[in-house]
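# Survey of secondary and tertiary structure
Listed here are the chains, written in short residue letters.
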Amino acid sequence: MEPVKIGLLGLGTVGGGTVSVLTRNADEIARRAGRGIRITHAAAKDYNPDLIKGIEQIDKISDDAFVVVEDPDVDIIIELIGGYSPAKELVLKAIENGKHVVTANKALIALHGNEIFAAAQAKGVTVAFEAGVAGGIPIIKAVREGLAANQIEWIAGIINGTGNYILTEMRDKGRDFDDVLKEAQELGYAEADPTFDVEGIDAAHKLTILGSIAFGMPLQFDKTYTEGIGKIEQQDVLYAGELGYRIKHLGITRKTANGIEQRVHPTLIPERRLIANVDGVMNAVLVMSDAVGPTLYYGAGAGSEPTASAVVADVVDVVRALTTDPENRVPHLAFQPDALSDINILPMEETETAYYLRMHAIDKPGVLAEVTRILGDSGISIEAILQKEPAADASFVPIIFLTQRIKEKNMNDAIAKIEQLDAIDGEVMRIRMETLG
Ligand code: HSE
């Protein structure tokens, strides 16, 4: 049988890895897919052929990606350009031309996935996006297929390798934020715009996708709460450690009686949890489901060949399904398109979590009582208090509170009142806390 012909858009970090993996493992991949898979046409403007093993096996390389999606010989397009435009136009054009699409572009899927999937369904083609979430970890397949028997209760994931690398280096080596970020960029982990990593936007793209396939709802990136790691200070990492916690940048989506919580923010988690020990650029996703209970997925969340691993696995899936009836393929968002529900995503103020609070207080009698009264009046129960001795020349002492679970709205009100106290200096640092039990 003729090999399946691939049009590859992008020969950067992931594109180069995809060429290497597809050519190096060609025989095994063909035995799995049932047909050979061949990159017949690629598109890239800037690339270094010396860095891409197997590039000589690509029949043709154009500098215009639209030429590839218009190439009538190409069966499947792999989109690895990233960004919103022209990626969206290219993917829609490929679909219009009856081609299947494999993409690692989480931003594109999170923002435009509903439109793209509708177009694909109308044309009877597949858009596969495993590489978009947690790099090489097959988490889309696990949630969409492996957990299909379950009601999913919540998902919590370390889904940005760059952010996890920064937090790990800050904790283990006391390194400076900017210095670690620069290194992550040099290693090819960071997004083209690294604010996507440190401000949580990249994680929010991925969480939006996970929430939709977990709970069967359309993609709603604009309703995903997003907070980055830029405000985390070395002292918070240390205090969290003293209290038995690690700070991780988590994406959390949870089904509650009132709707879905969908939030990305730094989070204290007990250090005894396996996921608390996921360090460096590694990712991990913890899924709580009603039948199987907790399952944990761990692996490289970024990088050339780890991400290529997911891209190529998607290509194999598409090839295996080429001759199947489009109506009987795995639905893009795990649930049949006409069975997606308009379940409500809760505003952040309505979500519920526990908290770590750090404040600087004048060292005088009664201050602690004032703060605990405000917390009590807001219905907030205190789990632990840590007060440090003031430094030799300092007039303020750091006080750390751990609280029980409470609505974000109550905590906002309490923090506003605490910050108005004369005895409190500056802003209260708030980090959300989850036991993940
Ligand atoms: N910038 C992303 C990360 C790459 O650091 O996880 C993988 O999506």
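All figures in this text were calculated on a predicted structure; none of them were measured in a lab.

Rules used in this analysis
- Residues numbered from 1 in each chain as written.
- Predicted model: local features only at pLDDT ≥ 70, side-chain atom pairs only at ≥ 80, totals over all residues.
- Heavy atoms only, no water.
- Helix = DSSP H or I, 4+ residues; strand = E, 2+ residues; numbered from the N terminus.
- Rg over C-alpha atoms; globule rule 2.2 N^0.38 Å.
- Buried < 20%, exposed > 50% of the residue type's maximum accessible area, 1.4 Å probe, protein only.
- Contact = heavy atoms within 4.5 Å.
- Lys, Arg positive; Asp, Glu negative; His and termini not counted.
- Charge placed at Lys NZ, Arg CZ, Asp CG, Glu CD.
- Salt bridge = Lys/Arg side-chain N within 4 Å of Asp/Glu carboxyl O.
- Near = heavy atom within 4 Å.
- Polar contact = N/O pair within 3.5 Å; in protein donor to acceptor, adjacent residues only side chain to side chain.
- Areas by Shrake-Rupley, 256 points an atom, 1.4 Å probe, with all protein chains shown as cover.
- Pairing = 2+ DSSP bridges.
- Axes fitted to C-alpha atoms, helices over the stretch in contact; angles between N-to-C directions.
- Parallel < 35°, antiparallel > 145°, perpendicular 65-115°, else oblique.
- Left-handed = near helix turned anticlockwise from the far one by under 90°.
- Nonpolar A, V, L, I, M, F, W, Y, C, P; charged D, E, K, R; others polar.
- Phe/Tyr/Trp six-rings, centres within 6.5 Å; stacked < 30°, edge-to-face > 60°.
- Domains from an automatic or database assignment.

## Comments concerning the overall build of the chain
From N to C terminus, the chain includes 14 helices and 17 strands. For 437 residues, the compact-globule estimate of 2.2 N^0.38 gives 22 Å, and the C-alpha radius of gyration of the chain, at 24 Å, lies within 12% of that figure. When burial is assessed residue by residue, the chain has 54% of its 437 residues classed as buried. Put simply, 73% of the contacts in the chain that link residues at least 6 apart link residues at least 24 apart. Side chains of the chain carry 42 positive and 64 negative charges; the gap between the two charge centres is 4 Å.

## Observations concerning the side chain of Thr-18
When you line up the elements, Thr-18 lands in helix α1 (residues 13–24). In this structure Thr-18 touches Ile-78, Leu-80, Ala-308, Val-311 and Val-312, once residues within four positions along its chain are discounted.

## Some details on the pattern of salt bridges
Enumeration according to the criterion identifies 35 salt bridges in this entry. Between Arg-432 and Glu-227 there is a salt bridge whose closest N-O contact spans 2.9 Å. Placement of the pair is Arg-432 in strand β17 (residues 424–433) and Glu-227 in the loop between β8 (225–226) and α11 (234–242), with a sequence separation of 205 residues. For Glu-227, a relative accessible area of 22% puts it in the partly exposed group.

## Looking at the site of the ligand
Every residue near the ligand is listed here: Lys-106, Asn-160, Gly-161, Thr-162, Tyr-189, Ala-190, Glu-191, Asp-197, Asp-202, Lys-206, Gly-301 and Ala-302. The contact in question runs from a nitrogen atom of the ligand to an N or O atom on the backbone of Tyr-189, over 2.8 Å. Calculation on the ligand without its partners gives an accessible area of 260 Å², and the protein chains cover 93% of this total.

## Notes on the sheet that holds strand β6 (residues 127–128)
Sheet strands pair by backbone hydrogen bonding; their relative direction is either parallel or antiparallel. An order of β3-β2-β1-β4-β5-β6 is seen for the six strands of this open sheet, with the pairing classed as parallel. The sheet terminates laterally at β3 (60–62) and β6, the two strands that pair on one side only.

## Looking at the packing of helix α6 (residues 139–146) against helix α10 (residues 201–215)
The N-to-C vectors of α6 and α10 enclose an angle of 15 degrees; their axes lie 9 Å apart at closest approach. With respect to α10, the axis of α6 lies roughly parallel. Crossing geometry of α6 relative to α10 is assigned as right-handed. Residues Ile-139, Ile-140 and Val-143 of α6 form the contact with α10, whose own contacting residues are Ile-209, Leu-210, Ile-213 and Ala-214. Partitioning the contact of α6 with α10 into residue classes produces seven nonpolar, no polar and no charged.

## What to know about the packing of aromatic side chains
Applying the stated criterion across every chain yields a total of two aromatic pairs. Here Tyr-165 and Tyr-189 contribute two aromatic rings whose centre-to-centre distance is 6.3 Å and whose plane-to-plane angle is 75 degrees, an arrangement assigned as edge-to-face. With a gap of 24 residues between them, Tyr-165 in helix α7 (residues 161–173) and Tyr-189 in the loop between α8 (177–186) and α9 (195–198) connect regions that are remote in the sequence. Residue classification places Tyr-165 among the buried positions, given a relative accessible area of 11%.

## Observations regarding the domain arrangement of the chain
What the domain assignment lists for the chain is domain 1 (4–136 + 304–339), domain 2 (139–299) and domain 3 (351–433). The distance between the C-alpha centroids of domain 1 and domain 3 comes to 50 Å.

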